[in-house]
Amino acid sequence: SQTIHQWPATLVQPVGSPLSLECTVEGTSNPNLYWYRQAAGRGLQLLFYSVGIGQISSEVPQNLSASRPQDRQFILSSKKLLLSDSGFYLCAWRATPEGSIYGYTFGSGTRLTVV
Amino acid sequence: GDSVTQMEGPVTLSEEAFLTINCTYTATGYPSLFWYVQYPGEGLQLLLKATKADDKGSNKGFEATYRKETTSFHLEKGSVQVSDSAVYFCALSKGGQGNLIFGKGTKLSVKP
């Protein structure tokens, strides 16, 4: 069966420090991968998605970047965190292309607080 | 472009009350429709889905029917419990590489 792992679960980082959040998927190959952010009390904002190794699409220009060094690994990074980067970060995957009828499977999320 | 509109929250109900959360969509073609639930501090879980007109998705006592004529996918439950307190997201997906498009979410609080 397919599983998705996301870590760390919580993170407190000072302003200006770097960030690296990792997401891995098991039990599937060539998934579409997604990074979402959810600010406190607000909806989901799609940050990046990837349809293959090294292929990254950015939905919102900002202080963050994403990379996909392996088929089932998706990394969210920042060189210098801002206070506004605080939020709940969610990784998700779906099978391709027929997976559009099955929706996404989400990880358990990372709560990032920038202080 | 394609979009999903949900009723504004928060919604506060007493235990055993009837729940309806409205969701309407705008999309060309024949999207698949989904309801996701997010419990406090957790990621999103797929609650139910429907892939064509008149399909009814159901799970854990929740139901939603894909109504193409009214472009709606309203979530209903006959008797809510305190444990149903969560944020509910309606979403649509189209074929191929189309990404999921989410509504803004509706927070439900159920009081004992």
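Our subject is the structure listed above.
Residues numbered from 1 in each chain as written. Chains lettered and ligands numbered in written order. Predicted model: local features only at pLDDT ≥ 70, side-chain atom pairs only at ≥ 80, totals over all residues. Heavy atoms only, no water.

Trainee: Could you clarify how one ought to interpret the overall build of chain B in this entry?
Mentor: A count of helices and strands for chain B gives zero helices and 12 strands. Starting at the N terminus, the α and β elements of chain B follow one another as β-β-β-β-β-β-β-β-β-β-β-β. For a compact globule of 112 residues, the expected C-alpha radius of gyration is about 13 Å, and chain B comes in at 13 Å, within 12% of that figure. Across its three principal directions, the C-alpha atoms of chain B cover 45 × 30 × 20 Å. Burial analysis of chain B (112 residues in total) assigns 44% to the buried set. Look at the contacts in chain B between residues 6 or more apart in sequence, and 55% of them connect residues 24 or more apart. Of the roughly 5300 Å² that chain B leaves accessible, carbon and sulfur atoms contribute 49%. Each charge sign in chain B was given a centre, from 11 positive and 11 negative side chains, and these centres are 4 Å apart. (Helix = DSSP H or I, 4+ residues; strand = E, 2+ residues; numbered from the N terminus. Rg over C-alpha atoms; globule rule 2.2 N^0.38 Å. Buried < 20%, exposed > 50% of the residue type's maximum accessible area, 1.4 Å probe, protein only. Contact = heavy atoms within 4.5 Å. Areas by Shrake-Rupley, 256 points an atom, 1.4 Å probe, with all protein chains shown as cover. Lys, Arg positive; Asp, Glu negative; His and termini not counted. Charge placed at Lys NZ, Arg CZ, Asp CG, Glu CD.)

Trainee: Would you take a moment to explain the environment of B:A50 for this structure?
Mentor: Residues and elements named next belong to chain B. Residue position: A50 is located in strand β6 (residues 44-50). Taking the C-alpha atoms as reference, A50 lies 9.7 Å from L92; in sequence the two are 42 residues apart. Not counting residues up to four positions away in its chain, the partners in contact with A50 are S32, L33, D55, Y66 and F73.

Trainee: Any chance you could explain the state of the cysteines here in plain terms?
Mentor: What we call a disulfide is simply a covalent bond connecting the sulfur atoms of a pair of cysteines. Residues and elements named next belong to chain A. Here the structure, examined in full by the defined rule, presents two disulfides over all chains. Bridging C23 to C91, the disulfide has an S-S length of 2.0 Å. What sets the handedness of the C23 and C91 disulfide is the S-S torsion sign, and at about -75° it is left-handed. A residue pair is termed long-range when its members are at least 10 positions apart, and C23 in strand β3 (residues 19-26) and C91 in strand β9 (residues 87-94) qualify at 68 residues. Judged on exposure class, the residue C23 and its partner C91 are both buried. (Disulfide = S-S within 2.5 Å.)

Trainee: Before we go on, may I ask you to explain the pattern of salt bridges in this structure?
Mentor: Where charged atoms from two side chains of opposite charge come close, those side chains can pair. Scanning the entire structure with this criterion turns up five salt bridges over all chains. Residues B:E63 and B:K56 are paired through a salt bridge, measuring 3.6 Å at the closest nitrogen-oxygen approach. (Salt bridge = Lys/Arg side-chain N within 4 Å of Asp/Glu carboxyl O.)

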